[in-house]
Amino acid sequence: CIRTYLLTILLMIAMPLSMLAQAGSQSLPALIPLPVTITPSTEVFIINATTKVVVADGALNKIASLLNGYVLAYGGKLLTKVTAVPGSNFISLAIDSTAIPHKEGYLLRIDKKAIRCIGHDASGVLYGLQTLRQLWQAGKGSLQVPGYTINDYPRFAYRGMALDVSRHLFPVSFVKKYIDLLALYKFNTFHWHLTDDQGWRIEIKKYPRLQSVAAWRKETLIGHKKEWPHRFDGKRYGGFYTQQQIKEVVQYAADRKITIIPEIEMPGHASAALAAYPALGCTGGPYATATYWGVFDDVYCAGNDSTFVFLQNVLDEVMALFPSPYLHIGGDECPKTRWKVCAKCQQREQALHLTDEHALQSYFIQRMEQYVNSKGRQIIGWDEILEGGLAPNATVMSWRGEAGGKTAVAQHHPVIMTPETNCYFDYYQSLYNEEPLAAGGFTPLQKVYGYEPLSESTDEASTKYLTGVEGQAWSEYYTSEALAAYMIFPRALALAELAWTPKPQRNYDSFLKRLRGEGALLTHEKINYDAHFDDISFTAVPLQNNVLQINLQTAAPGSEIRFTRDNTVPTIQSALYTSAIEITNTCTVKALLFNRQQQPTGRLFQQSFRVHKAVGAAVHLQNKPIDRFNPGNTTLVNGLFGGNRYNDNQWLGFSGNDLQAVIDLGRAQTVQRLALEVLNYHWQRMWAPVTLQLLASIDGTHYKELYRQDSFPVNGINKLEVPVTPVRAQYIKVIGTNKGEIPAGEYGAGGNALLLIDEIVVE
Ligand code: NAG
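It should be emphasised that the depicted structure is a prediction, and the values quoted were computed from it without experimental measurement. (Residues numbered from 1 in each chain as written. Predicted model: local features only at pLDDT ≥ 70, side-chain atom pairs only at ≥ 80, totals over all residues. Heavy atoms only, no water.)

**Examining the environment of E384**
Here E384 lies in the loop between β19 (378-382) and β20 (395-398). Between the C-alpha atom of E384 and that of K205, which follows or precedes it by 179 residues, the distance is 30 Å. Not counting chain neighbours up to four residues away, the residues in contact with E384 comprise G331, D332, E333, Q361, W399 and R400. (Helix = DSSP H or I, 4+ residues; strand = E, 2+ residues; numbered from the N terminus. Contact = heavy atoms within 4.5 Å.)

Below you can see the structure in the form of structure tokens.
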């Protein structure tokens, strides 16, 4: 079609330039996201006290004022706005949708006489200025800008970041700062998660108890929920944004070309609202605003019409505050426990011939969608809204992987991808022990950067309905502004580049180089970002004959790694890492980075390896692990134990089938000890096996049971160390019976339990 043709032509023009930029990536300016094309020149423009801002177009007045704010913040002087173009020393802002064909696109030209910023629209102009803001070097009273011609436009129309203010509340000042940063990195959507079990954060005038009751919780859980017994801080916690504050934030965001999508959760995650208005629940309460994290059985009653009246009234006030064409109405994690036994819900199901509670949830969402649509707005929901049938006009936010997104695309619904494996910024970002407490998963910067939405599908429908990506900032563990910033940045920058920059131009090494430059800007913006992205990382490769090869890596330029294996902290005298280390005994490798001045930098790397008889042995699995937990069979024998950042690529997971692994030691040996780990973490659908058996065989046919265990009491990682009467064996078999279907009343009830296992130690 003509569009693809034009696109191809454009790409042909764009490619050589961008490749030029790539080739000289050494000299790429610290721009994030990387623009489509950058052409450097040798000229320099100086922004000084006499520089004029040319704004002929009234629509750009506010943007010109923003520019002034940025200039002032970086040590420049207030610039005078004019309408006529002077001979030189000016920054001109203009909209020209013919010259700049892409929505939100811009052309920024910097030479010694002037800076010209032309946008397709006002957003484009603003983005040009955000690029400018990343280019200039602050001086005393003036700013130096290196000469460039930059032609730029976004890859995706939807570029979002969320913030959960229910679990922890952040002041308006923080929200504004966040919006500033989102604009700086060319995001155009802020998804504001305003209600949840642990607190209702938006003033709704019609329902004062949402302010006096739902906005408050008695106390807050300390640590992880899986730790037992639970400990609470004993401090009443809460608050909410007044409608006046919300208006102020909405305006603030609009000035920065950011749309705010408010989220009002339904039918689940509703404990706080139910605490205020117990008649909205199936049992009538009493209920309390939740004091810990997770999923709660008490949800809005779907059989009670007053639930819908309440939610419609709430949404009326919400729509009056937020001009966004989209409203997020949640839809995730709604247990059906109460609905199953609620007379009103059952009556509704019968009256409407609904097959089950999923259909009832679908009815709930569709009824709300109808209402929202009748007000000229559209809904967005988490991918659970697919279950039981999608509401006709809904947009799906795919978080439990990409499956929901793919299904919705196939049904021709718009989709926003935010798979938790790559886009959840409440997960740990490194395997270092000193990371602050976070949700269980592991999402390092590189994994965010490397995400490619719908990578396998190239058909037109997929690309057409995939509107963009979003990063999630769930705040269970964001106990302060500084911690929130630490968890969100720089992962949000990786996402920004994924959302904006053309796919062929994305390159992690180039990103890291620019990120190091960007650090100064983030520091200037007083953002407590996580600066550990150059820390040492490692891989462990089991070789034959029980040898373990350890590779240490860092991207830090000009740094060297020194390491020890004797448990001491490395010094400048310790061994220099030049190539892979081969270890043949159980030990802890400690390593440190030393800079050009031979000073240690970064955090101390330490990792224990258990070298045993099965390291490097062949592993045969009877059943295939599920994709999400299938880092390869050898991870069972690589001397490393899976950790509590359960997607650390060590655990092997089985869903809908049993674990049956056979380790072939290559020759008969004496075995006197076995060890392994299984994970029991029900809130993540992870269930230890019903029965675990360890067997040994000399010929691979006749097995003898060495050990059997039927209960795994630890909430979390169950570590088994099993001394056995010495036996000659070449084959070790491990059988774990899967829990199967998750029982009623448990998280994910009715779905498949996950059986996770790591490292089968044979000694
Ligand atoms: C999910 C919940 C969310 C929670 C988060 C923590 C979604 C759509 N729902 O269980 O309320 O804060 O994970 O990672 O993410």
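**A word on the sheet that holds strand β29 (residues 581-583)**
The antiparallel open sheet is built from three strands, whose spatial order is β25-β26-β29. Lying at the two open borders of the sheet, with one neighbouring strand each, are β25 (537-542) and β29. Strand-to-strand, the axes of this sheet are offset by a mean angle of 25 degrees, without reference to chain direction. The pairing of β25 with strand β26 (residues 548-553) spans six bridges and is classified as antiparallel. By the bridge assignment, P542 is partnered in β26 with L548. (Pairing = 2+ DSSP bridges. Axes fitted to C-alpha atoms, helices over the stretch in contact; angles between N-to-C directions.)

**Notes on the sheet that holds strand β10 (residues 189-193)**
Around the barrel, eight strands lie side by side as β9-β10-β17-β18-β19-β20-β21-β24; this closed barrel has parallel pairing. On average, adjacent strands in this sheet sit at an angle of 30 degrees to one another, irrespective of strand direction. Here three bridges tie strand β21 (residues 415-417) to strand β24 (residues 466-471), and the two strands are oriented parallel to one another. Within the sheet, the bridge partner assigned to I416 lies in β24 and is G468.

**Details of the site of the ligand**
Every residue lining the ligand is accounted for by R167, H269, D332, E333, W382, W399, Y424, D426, W474, E476 and W683. Here an oxygen atom of the ligand sits 2.8 Å away from a polar atom, N or O, in the side chain of R167. W474 is positioned such that a nitrogen or oxygen atom in its side chain is 3.5 Å from an oxygen atom of the ligand. In the shell around the ligand, the residues fall into five nonpolar, one polar and five charged. (Near = heavy atom within 4 Å. Polar contact = N/O pair within 3.5 Å; in protein donor to acceptor, adjacent residues only side chain to side chain. Nonpolar A, V, L, I, M, F, W, Y, C, P; charged D, E, K, R; others polar.)

**Some remarks on unusual backbone geometry**
Put simply, I32 and P33 share a cis peptide bond, and its omega is -5 degrees. Checked against the element boundaries, P33 lands in the loop between α1 (2-23) and β1 (37-47). Backbone torsion omega between F489 and P490 reads 10 degrees, so that peptide bond is classified as cis. Among the secondary structure elements, P490 is positioned in the loop between α16 (481-488) and α17 (491-500). Even without being glycine, L454 reaches a positive phi, approximately 45 degrees. Judged by its relative accessible area of 5%, L454 is buried. For N545, which is not glycine, the phi torsion reads 60 degrees and is therefore positive. Tracing the backbone shows N545 in the loop between β25 and β26. (Buried < 20%, exposed > 50% of the residue type's maximum accessible area, 1.4 Å probe, protein only.)

All quantities given are derived from atomic positions and should not be read as evidence of function.
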